[in-house]
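Tertiary structure, described
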Amino acid sequence: MTYLTRVTTAAGALLACAGLFAAAPAQAAPRASFPLSDNWLYLTVVRGETAQAGDRHGTLLLCDPVPLGYARAAEACSELAAANGDIARIPQTKVFCQMIYAPVTVHAHGQWNGQPVDYQKTYSNKCTMEAQTGAVFATEH
(Lines give C-alpha, C1' and ligand atoms only; values in the text may rest on other atoms or scores of the structure.)
Protein backbone atom coordinates (compact mmCIF):
# COMPACT_ATOMS: atom_id res chain seq x y z
CA MET A 1 0.00 0.00 0.00
CA THR A 2 1.28 3.44 -0.87
CA TYR A 3 0.94 6.25 1.66
CA LEU A 4 0.46 8.91 -0.99
CA THR A 5 -2.17 7.73 -3.42
CA ARG A 6 -3.18 10.77 -5.37
CA VAL A 7 -1.61 13.30 -7.58
CA THR A 8 -3.06 16.70 -6.99
CA THR A 9 -4.99 18.69 -9.51
CA ALA A 10 -1.94 20.90 -9.91
CA ALA A 11 0.10 17.90 -11.05
CA GLY A 12 -2.62 16.96 -13.53
CA ALA A 13 -2.59 20.49 -14.86
CA LEU A 14 1.19 20.34 -15.13
CA LEU A 15 1.01 17.11 -17.13
CA ALA A 16 -1.67 18.57 -19.37
CA CYS A 17 0.47 21.66 -19.96
CA ALA A 18 3.50 19.48 -20.66
CA GLY A 19 1.49 17.64 -23.30
CA LEU A 20 0.50 20.94 -24.90
CA PHE A 21 4.09 22.18 -24.91
CA ALA A 22 5.32 18.93 -26.44
CA ALA A 23 2.77 19.10 -29.26
CA ALA A 24 3.52 22.72 -30.15
CA PRO A 25 6.66 24.02 -31.82
CA ALA A 26 9.33 25.06 -29.34
CA GLN A 27 8.90 28.73 -28.50
CA ALA A 28 10.08 30.78 -25.56
CA ALA A 29 7.19 31.41 -23.20
CA PRO A 30 7.08 34.28 -20.73
CA ARG A 31 7.96 33.10 -17.22
CA ALA A 32 4.55 34.04 -15.83
CA SER A 33 2.77 31.56 -18.11
CA PHE A 34 4.72 28.52 -16.87
CA PRO A 35 2.78 26.71 -14.12
CA LEU A 36 5.68 26.08 -11.74
CA SER A 37 7.56 28.55 -9.61
CA ASP A 38 11.14 28.27 -8.41
CA ASN A 39 9.94 26.44 -5.29
CA TRP A 40 8.23 23.13 -5.98
CA LEU A 41 8.74 19.48 -5.07
CA TYR A 42 7.20 16.23 -6.25
CA LEU A 43 6.93 14.08 -3.11
CA THR A 44 6.54 10.32 -2.81
CA VAL A 45 6.28 8.11 0.26
CA VAL A 46 6.20 4.33 -0.12
CA ARG A 47 6.21 1.47 2.35
CA GLY A 48 9.39 -0.55 2.45
CA GLU A 49 13.07 0.03 1.91
CA THR A 50 12.88 0.31 -1.85
CA ALA A 51 10.20 1.61 -4.13
CA GLN A 52 8.88 -0.53 -6.93
CA ALA A 53 8.21 1.10 -10.28
CA GLY A 54 4.44 0.87 -9.74
CA ASP A 55 4.63 2.45 -6.27
CA ARG A 56 5.58 5.92 -7.47
CA HIS A 57 2.40 7.87 -6.70
CA GLY A 58 2.94 11.21 -5.16
CA THR A 59 1.94 14.78 -4.55
CA LEU A 60 3.12 17.98 -6.13
CA LEU A 61 3.94 20.64 -3.54
CA LEU A 62 3.91 24.19 -4.90
CA CYS A 63 5.13 26.95 -2.61
CA ASP A 64 4.87 30.09 -4.76
CA PRO A 65 2.90 32.29 -5.01
CA VAL A 66 0.75 30.43 -2.44
CA PRO A 67 1.28 26.97 -0.94
CA LEU A 68 -0.71 24.28 -2.77
CA GLY A 69 -0.71 20.51 -2.87
CA TYR A 70 -2.21 19.20 0.37
CA ALA A 71 -3.63 20.26 3.73
CA ARG A 72 -0.26 20.97 5.37
CA ALA A 73 1.33 22.63 2.32
CA ALA A 74 1.69 26.03 4.03
CA GLU A 75 3.49 24.44 6.99
CA ALA A 76 5.72 22.37 4.68
CA CYS A 77 6.62 25.42 2.57
CA SER A 78 7.44 27.41 5.71
CA GLU A 79 9.73 24.65 7.00
CA LEU A 80 11.42 24.36 3.61
CA ALA A 81 11.91 28.13 3.41
CA ALA A 82 13.57 28.12 6.85
CA ALA A 83 15.87 25.28 5.70
CA ASN A 84 16.53 26.92 2.31
CA GLY A 85 14.95 23.93 0.57
CA ASP A 86 17.25 21.38 2.25
CA ILE A 87 14.99 18.73 3.79
CA ALA A 88 17.88 17.32 5.84
CA ARG A 89 18.17 20.71 7.62
CA ILE A 90 14.58 20.76 8.88
CA PRO A 91 14.79 20.69 12.70
CA GLN A 92 13.76 17.35 14.17
CA THR A 93 10.73 17.46 16.43
CA LYS A 94 11.00 15.76 19.80
CA VAL A 95 8.42 12.99 19.83
CA PHE A 96 8.34 9.45 21.14
CA CYS A 97 8.00 6.98 18.29
CA GLN A 98 7.32 3.30 18.82
CA MET A 99 10.26 1.06 18.06
CA ILE A 100 8.37 -0.85 15.39
CA TYR A 101 10.23 -1.48 12.18
CA ALA A 102 7.84 -0.55 9.37
CA PRO A 103 10.15 1.21 6.91
CA VAL A 104 9.03 4.00 4.63
CA THR A 105 11.08 5.43 1.79
CA VAL A 106 10.63 9.06 0.82
CA HIS A 107 11.74 10.86 -2.29
CA ALA A 108 11.52 14.54 -3.17
CA HIS A 109 12.65 16.00 -6.45
CA GLY A 110 12.11 19.43 -7.88
CA GLN A 111 13.72 22.78 -7.27
CA TRP A 112 14.07 25.40 -4.59
CA ASN A 113 15.16 28.95 -5.40
CA GLY A 114 16.24 27.74 -8.83
CA GLN A 115 18.47 24.99 -7.41
CA PRO A 116 17.71 21.30 -8.02
CA VAL A 117 16.46 19.23 -5.08
CA ASP A 118 16.80 15.46 -4.98
CA TYR A 119 16.28 13.89 -1.56
CA GLN A 120 15.74 10.22 -0.83
CA LYS A 121 15.88 8.40 2.49
CA THR A 122 14.42 5.35 4.18
CA TYR A 123 13.12 5.81 7.74
CA SER A 124 12.40 3.03 10.23
CA ASN A 125 8.72 4.02 10.43
CA LYS A 126 6.28 6.79 9.57
CA CYS A 127 6.54 8.45 12.99
CA THR A 128 10.32 8.78 12.65
CA MET A 129 9.90 10.14 9.12
CA GLU A 130 7.50 12.86 10.24
CA ALA A 131 9.67 13.73 13.27
CA GLN A 132 12.67 14.29 10.98
CA THR A 133 10.98 15.90 7.96
CA GLY A 134 8.20 17.92 9.55
CA ALA A 135 5.17 18.51 7.34
CA VAL A 136 7.02 17.97 4.05
CA PHE A 137 6.00 14.31 3.62
CA ALA A 138 2.94 14.45 5.90
CA THR A 139 0.52 14.75 2.99
CA GLU A 140 -2.19 12.48 4.45
CA HIS A 141 -3.23 14.80 7.28
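In case you missed it, the structure is sitting above this.
These lines cover the structure that appears in this document, whether it is placed above or below. Keep in mind the model is a prediction, meaning the values are calculated, not measured.

Description of helix α3 (residues 126–133)
Considered for burial, the residues of α3 that qualify are Thr 128, Met 129, Ala 131 and Thr 133. At its buried positions, α3 is contacted by β1 (40–47), α2 (73–82), β3 (104–112) and β4 (115–123). Measuring from the side-chain oxygen of the N-cap residue of α3 to the backbone nitrogen of Cys 127 gives 3.2 Å; that N-cap residue is Asn 125. At the exit of α3 stands Gly 134, carrying a positive phi of roughly 60 degrees.

Considering the side chain of His 107
You can see His 107 is positioned in strand β3. Polar side-chain contacts of His 107 include one of 2.6 Å to the side chain of Asp 118.

Some details on the state of the cysteines
Per the counting criterion, the structure on display carries two disulfides. Each sulfur of the disulfide joining Cys 63 and Cys 77 lies 2.0 Å from the other. One disulfide, between Cys 63 and Cys 77, carries an S-S torsion of -85 degrees and so falls in the left-handed class. With Cys 63 in the loop between β2 (58–62) and α2 and Cys 77 in helix α2, this residue pair connects regions lying 14 residues apart in the sequence. Across the pair, exposure class does not vary: Cys 63 and Cys 77 are buried alike. There is a disulfide in this structure between Cys 97 and Cys 127, and the S-S distance comes to 2.0 Å.

Comments concerning the pairing of β4
In this structure, β3 lies alongside β4, joined through nine bridges in antiparallel fashion. By the bridge assignment for β4, His 109 is matched with Asp 118. Counting the residues that bridge the hairpin from β3 to β4 gives two residues, and of these Asn 113 lies at a positive phi of roughly 50 degrees.

Considerations on the sheet that holds β1
Overall, antiparallel pairing links the four strands, which are arranged β2-β1-β3-β4 in an open sheet. Sheet topology places β2 and β4 at the edges, where each strand pairs with a single neighbour. Here the average twist between neighbouring strands, direction ignored, is 15 degrees. Two elements, β1 and β2, share five bridges in a ladder whose sense is antiparallel. Opposite Thr 44, over in β2, you have Gly 58 as the bridge partner.

Concerning unusual backbone geometry
Omega for the peptide link from Asp 64 to Pro 65 comes to 0 degrees, which places this bond in the cis form. Non-glycine residue Asn 84 carries a positive phi angle of around 50 degrees. Within the secondary structure, Asn 84 sits in the loop between α2 and β3. Since its relative accessible area comes to 49%, Asn 84 is described here as partly exposed. With a phi close to 50 degrees, Asn 113 is a non-glycine residue in the positive phi region. Note on placement: Asn 113 falls in the loop between β3 and β4. On the basis of relative accessibility, which here comes to 44%, the residue Asn 113 falls in the partly exposed class.

Parameters at a glance
Residues numbered from 1 in each chain as written. Predicted model: local features only at pLDDT ≥ 70, side-chain atom pairs only at ≥ 80, totals over all residues. Heavy atoms only, no water. Buried < 20%, exposed > 50% of the residue type's maximum accessible area, 1.4 Å probe, protein only. Helix = DSSP H or I, 4+ residues; strand = E, 2+ residues; numbered from the N terminus. Contact = heavy atoms within 4.5 Å. Polar contact = N/O pair within 3.5 Å; in protein donor to acceptor, adjacent residues only side chain to side chain. Disulfide = S-S within 2.5 Å. Pairing = 2+ DSSP bridges. Axes fitted to C-alpha atoms, helices over the stretch in contact; angles between N-to-C directions.

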